[in-house]
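Each chain, written out:
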Amino acid sequence: MVSHSVWIVGTSRSGKTARLVEQFCNWVQPEKQYTESFYTKKSGRKKAGHLPEFLYLKQTEPGVLVLAANDDNRRELGDIIVTSTLGKYPVRAKTPLGFFQDEVILFWPLLINSLSLKAQFPVRLRPETEQELATKLWRSQLDEEILRVAGVNESRLVRRILDLLQLAAYSGTPCEDIAQILARGLGDNTTTLEPEFLASLLLDWRNWCLERGLLTYGIITELYSQHLLSDRNYQQHLAKRYQAVLADDVDEYPSVARLLFELLLDQGAVGAFSYNPDGAVRLGLGADPNYLEGLAERCRVEILTGPPPEFLGEELTQQMVELVTEPMLLSSLPEIVHSIQTTSRAQLLRQTAEVIANAIQSQQVQPEQVAIIAPGLDAIARYTLVEILVKQNIQVESLNDQRPLVSSPIIRALLTMLALVYPGLGRLVDRDAVAEMLVVLSRKQQPLENSTDAINRVSTDIDPVRAGLIADYCFLPHPDRPNLLSVSAFERWDRIGYAATTAYNQILEWLEQQRSQQELRLIPSPISLLDRAIQRFLWNGSNLPYEQLAALRELLETAQHYWEIDTRLRQIAPVETTPHTTIIEFIQLLRRGTITANPYPVRPIGGVRKAVTLATIFQYRSSRRSHRWHFWLDAGSPLWAKGGAATLFGAPFFLRDRLGEPWTAEDEKLAEEQRLRRILTDLMSRVSERVYLCHSDLAVNGQEQLGPLLPLVNACVTHSVI
């Protein structure tokens, strides 16, 4: 029997997503004959024939489950579908984990009955809150001996154990079977903790969370795969709601997704799936591309050719792969591949930035057509590249730059403000923090004339020198009630100046008002106080730069989540600690740097920024971008074989085709070779004109760099910097 489902195979930029969108249009608009669809515009290939009439979906009930690999791709896919159907068939695209979460919450009453849970609405834990609560739960069992055997600190060990639960859930493995799989996989390895001990910690954690209605990504996925998917009532509801499934980049999905797809196909749904054999970006982080590829047996396979002609061809890619896999091969790369070689990494960063700046200023290329890609980006590299390019009036966009939230001065200022209003927080405040707060809260934003940029010129009434003087003479430390005195407490307060004195008095008056209202319990929560401070001192009717706006939104979202969890825990098991203890823990959590500024949406609204893209390999491949020029930074680094992302501990044990099998050194070597081949093939499909291999003989730690891409560096033209 011929399957009506389609399995679309193609490399990057081959038109897989466009083909999926055309398939969606065929499902929901069978009566419309497309003369030039989105698919044919992009790839130039003929469109496939329509499906049989009985598979066409009703206009009133589209019933299509649309999935994408990550959040950015999900929004992009949803936008393309809405555009292609002229908005007549709006869809809600989801990521696999987002879909699992929605289903678990929607069918929570069913889970309450089947698992005998307490009737309470579930609350999802963020990863940072998950780690904090798990650490508190396990602290008595994670003694010094345990940490010595594990060879990592407490924070890393807790994260590693929690990742095991997530990996098991993604593979469809019950929590109860984790010990068995780890025992088989680790064998006689004595450098790790006992599998039974790790599994017992995870069982305690899962049960503790379910008793309180708390959900993590791992628990959500396990509830969905182990309980909902096997429930007859849920299966009937699923079949009624979805008659078709559209899934893009399934090589990035966990193996649980295949269980969902097979259930839908068994119930008569039709599917369209895209698969990139050179993808697998999230392999080692929960994805199982080999297991998902097994779905192809149930579909009609369509193989798309490579990227459009304007991108660098397969012949060059094959030549680069051969040079890497056979280093003794004597060959030279064509002139479109250049190298920038220096002795030290500091020289490399400067020369790379200079080459980019010269090319942009000579109009050989536009900023938005350049990408700097590295296996890992440390703070020094980011700062150096951004600083040099910005001085040349060239903007830089860092993809998913996950800086700690507390690295932002406005966030630190707001945390200091909390400590000055609420009692009992005096030990969290010092002189320098107060001075910084005064500078930030006295800021003024003046829109630039004749400018369309949303970023305004910022000035402050209290400059850092005056703020330091005020903090030295007017800040009164106290463990319970730190205070700011009147500016007249400084004998030479006339040196402060009128503008700074006025701004300081306004801040002082506002803080006194908030203290009075807090004592009268007129401030509902610290979240309300944060919002008041933002409205009064930071927002003030002006447009904030996107980075600052993102940080403020993430702060409020994090605070809202933190107090929601605290309220739930106090309802379940009342504690004797004061509410101010929660504020202390919240401030300490932020200061540990575990929370980053990535609120929803994570991208600015509008067109493509005219900026050079700066990203790690993992970030760049996940974003599915393409550019005219590529600069591969640290080309001699051994991290290129790692793909720019660390593999989670135990990840190979939970791949479905080798569940529980030991992971040997030979397996690791083969995996690195395959990963490097995929990286080269994928990146070469995303560059259309020129590649620069940027190599320094010495790494940032002074060691010689002898990574797997070194043969490529030696085989290409060296670029001379003017």
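Residues numbered from 1 in each chain as written. Predicted model: local features only at pLDDT ≥ 70, side-chain atom pairs only at ≥ 80, totals over all residues. Heavy atoms only, no water.

## Some thoughts on the nonpolar core
The nonpolar side chains of a soluble globular protein tend to be buried with one another. Short version of the rule: Put simply, buried Ala, Val, Leu, Ile, Met, Phe, Trp, Tyr and Cys residues joined by side-chain atoms within 4.5 Å make one nonpolar core. Only protein chains enter the accessibility calculation, which uses a 1.4 Å probe. A residue is then buried if its area is under 20% of the maximum for its type, exposed if over 50%, and partly exposed in between. Elements are defined by DSSP. Helices are runs of H or I of four residues or more, strands are runs of E of two residues or more, and each kind is numbered from the N terminus. The criterion used for residue contact is that any of the two residues' heavy atoms lie within 4.5 Å.
In this structure, Phe99, Trp138, Trp205, Leu260 and Phe261 are the most contacted members of the largest nonpolar core, which totals 79 residues. A total of eight residues in this core trace back to one element, the largest contributor, which is helix H8 (residues 154-170). If near-sequence neighbours (up to four positions away) are discounted, Trp138 is found in contact with Val158, Ile161, Leu162, Leu201, Leu202 and Trp205. Judged by nonpolar contacts, the second largest core, of 60 residues, contains Ala413, Ile507, Ile534 and Trp563.

## A closer look at the packing of aromatic side chains
What describes a pair of aromatic rings is the distance from one ring centre to the other and the angle between the planes of the rings. So the rule is basically this: Only the six-membered ring of Trp is used, alongside the rings of Phe and Tyr, when aromatic pairs are assigned; centres must lie within 6.5 Å, and planes under 30 degrees apart are stacked while those over 60 apart are edge-to-face, with the rest tilted.
On inspection of all chains with the given rule, the structure shows 21 aromatic pairs. Ring geometry for Phe261 against Phe273: centres 5.1 Å apart, planes inclined by 50°, an arrangement best described as tilted. Within this pair, whereas Phe261 is found in helix H13 (residues 256-266), its partner Phe273 is found in strand S6 (residues 270-275), the two being separated by 12 residues in sequence. Considered together, Phe261 and Phe273 belong to a single accessibility category, that of buried residues.

## Some points on the environment of Gln392
Selection criterion: Definition of a polar contact: a pair of N or O atoms within 3.5 Å, with one able to donate and the other able to accept a hydrogen when the atoms are protein atoms, and with sequence-neighbouring residues admitted only if both atoms are side-chain atoms.
Position of Gln392 among the secondary structure elements: in the loop between helix H17 (379-391) and strand S10 (395-398). Between the C-alpha atom of Gln392 and that of Ala357, which follows or precedes it by 35 residues, the distance is 6.9 Å. Sequence-distant contacts of Gln392, defined by excluding residues within four places in its chain, comprise Ala357 and Gln361. One polar contact links Gln392 to Gln361, side chain to side chain, over a distance of 2.6 Å.

## Regarding the sheet that holds strand S2 (residues 64-67)
As a reminder of what qualifies: Pairing between strands is defined by DSSP: at least two bridges between the two strands are required. Axis definition: a line fitted to C-alpha atoms, over the contacting stretch in the case of helices. Angles run 0 to 180 degrees between N-to-C directions.
Strand order in the open sheet made by the five strands is S2-S5-S6-S1-S7, with parallel pairing throughout. In the strand order of this sheet, the two ends are held by S2 and strand S7 (300-303), each with one partner. On average, adjacent strands in this sheet sit at an angle of 15° to one another, irrespective of strand direction. Two strands pair when backbone bridges link them, and S2 and strand S5 (residues 244-247) are joined in this way by four bridges, in the parallel orientation.

## Remarks on the pairing of strand S9 (residues 370-374)
Of all five residues in S9, five are buried, a share of seventy percent or more. Going residue by residue along S9, you find Val370, Ile372 and Ala374 tucked away on one face and Ala371 and Ile373 tucked away on the opposite face as well. Examined bridge by bridge, S9 and strand S16 (residues 627-632) share four bridges and lie parallel to one another. Note that in S16 the partner of Val370 across the bridge is Trp629.

## Some words on the side chain of Asn73
With respect to the helices and strands, Asn73 occurs in helix H3 (residues 71-84). Among the polar contacts listed, one links the side chain of Asn73 to the backbone oxygen of Ser622, at a separation of 3.5 Å. Apart from residues no more than four positions distant in its own chain, Asn73 is found in contact with Ala68, Asp249, Ser622, Ser623 and Arg624.

## So, empty space enclosed by the protein
Over the atoms rolls a probe the size of a water molecule, and in doing so it shows where empty space is left. For the record, the criterion: In this analysis, the protein atoms alone were mapped onto a 1 Å grid. Cavities are point sets where a 1.4 Å probe fits without being able to get out; pockets are open sets with protein on both sides within 12 Å along at least five of seven lines; lining residues have an atom within 4 Å of a point. Grid points are joined across faces, edges and corners, and a volume is the space filled by probe spheres set on the points. Just so you know the grouping, Ala, Val, Leu, Ile, Met, Phe, Trp, Tyr, Cys and Pro go in nonpolar, Asp, Glu, Lys and Arg go in charged, and all remaining residues, Gly too, go in polar.
Across all of its chains, the model carries three cavities of 30 Å³ or more by this definition. Here the largest cavity defines a volume of roughly 110 Å³. Val281, Leu283, Lys642, Gly643 and Arg675 are, among the 16 residues lining the largest cavity, the residues nearest its centre. Broken down by class, the residue content of the lining of the largest cavity amounts to nine nonpolar, three polar and four charged.

## Considering the environment of Glu509
Structurally, the position occupied by Glu509 is in helix H21 (residues 498-519). It is 10.0 Å that separates the C-alpha atoms of Glu509 and Ser486, two residues lying 23 residues apart in sequence.

## Quick notes on the pattern of salt bridges
Spelled out, the test is: Salt bridges, as used here, are contacts in which a Lys or Arg side-chain nitrogen is within 4 Å of a carboxyl oxygen on Asp or Glu.
In the structure shown here, the tally under the stated rule is 42 salt bridges. In this structure, the salt-bridge partner of Asp278 is Arg677, at a minimum N-O distance of 3.1 Å. One end of the pair, Asp278, is in the loop between S6 and helix H14 (289-293); the other, Arg677, is in helix H26 (residues 665-684), with 399 residues separating them in the sequence. Arg345 is the salt-bridge partner of Asp378, the closest N and O atoms lying 3.0 Å from each other.

## Structural notes on the packing of helix H6 (residues 127-138) against helix H23 (residues 546-572)
This is how the line gets drawn: Put simply, a crossing is left-handed when the front helix is turned counterclockwise from the back one by less than a right angle, and right-handed when it is turned clockwise.
At their nearest, the axes of H6 and H23 sit 11 Å apart, and the two run at 35° to each other. Pair H6 / H23 crosses with right-handed handedness. Taking contact as the criterion, the partners of Thr129, Glu132 and Leu133 in H6 are, on H23, His561, Tyr562, Ile565 and Leu569. Of the residues in the contact of H6 with H23, the class split is four nonpolar, two polar and one charged.

## Looking at the side chain of Glu397
Structurally, the position occupied by Glu397 is in strand S10. On the basis of relative accessibility, which here comes to 15%, the residue Glu397 falls in the buried class.

## Observations regarding helix H11 (residues 217-228)
Which entries qualify depends on this criterion: In this scheme, a helix's expected span is set at 1.5 Å multiplied by one less than its residue total.
Over its 12 residues, H11 extends 15 Å from the first C-alpha to the last, a length consistent with the 16 Å expected when each residue adds 1.5 Å. With nine of 12 residues buried, H11 lies mostly within the body of the structure. The set of residues buried in H11 consists of Gly218, Ile219, Ile220, Thr221, Glu222, Leu223, Tyr224, Ser225 and Leu228.

## Focus on the confidence of the model for the chain
Our working definition: Confidence scores here are pLDDT values: one per residue, from the predictor, ranging 0 to 100.
Model confidence for the chain is summarised by a mean pLDDT of 86, while 88% of its residues fall at 70 or above. Across residues 33-56 the pLDDT falls below 50, and counting only partners more than four positions away or on other chains, this stretch makes 46 contacts in the model. The low-confidence segment residues 448-456, where pLDDT is below 50, has 11 contacts with residues more than four positions distant or belonging to other chains.

## Considerations on the environment of Ile394
Along the polypeptide, Ile394 turns up in the loop between H17 and S10. Residue Ile394 is classed as buried on the basis of its relative accessible area of 3%. Along the sequence, Ile394 and Lys610 sit 216 residues apart, while their C-alpha atoms lie 8.4 Å from each other. In this structure, Ile394 is in contact with Ala357, Ile360, Pro367, Leu389 and Val612, ignoring residues within four places of it in sequence.

## Topic: the layout of surface pockets
Estimates place the volume of the second largest pocket at around 670 Å³. Lining of the second largest pocket is provided by 31 residues; of these, Leu283, Trp663, Ala671, Arg675 and Arg678 occupy positions nearest its centre. For the lining of the second largest pocket, the elements supplying multiple residues, two or more each, are H14 and H26. Among the elements that take part in the lining of the second largest pocket, H26 stands out by supplying eight residues, more than any other. Partitioning the lining of the second largest pocket into residue classes produces 15 nonpolar, six polar and 10 charged.

## Here's the deal with unusual backbone geometry
Apart from glycine, the bulk of residues carry a negative phi angle, and the bulk of peptide bonds sit in the trans form. Positive phi is not limited to glycine here, since Arg13 has a value of about 65°. Despite not being glycine, Arg624 has its phi angle at roughly 60°, a positive value. Structurally, the position occupied by Arg624 is in the loop between helix H25 (617-623) and S16. Judged by its relative accessible area of 18%, Arg624 is buried.

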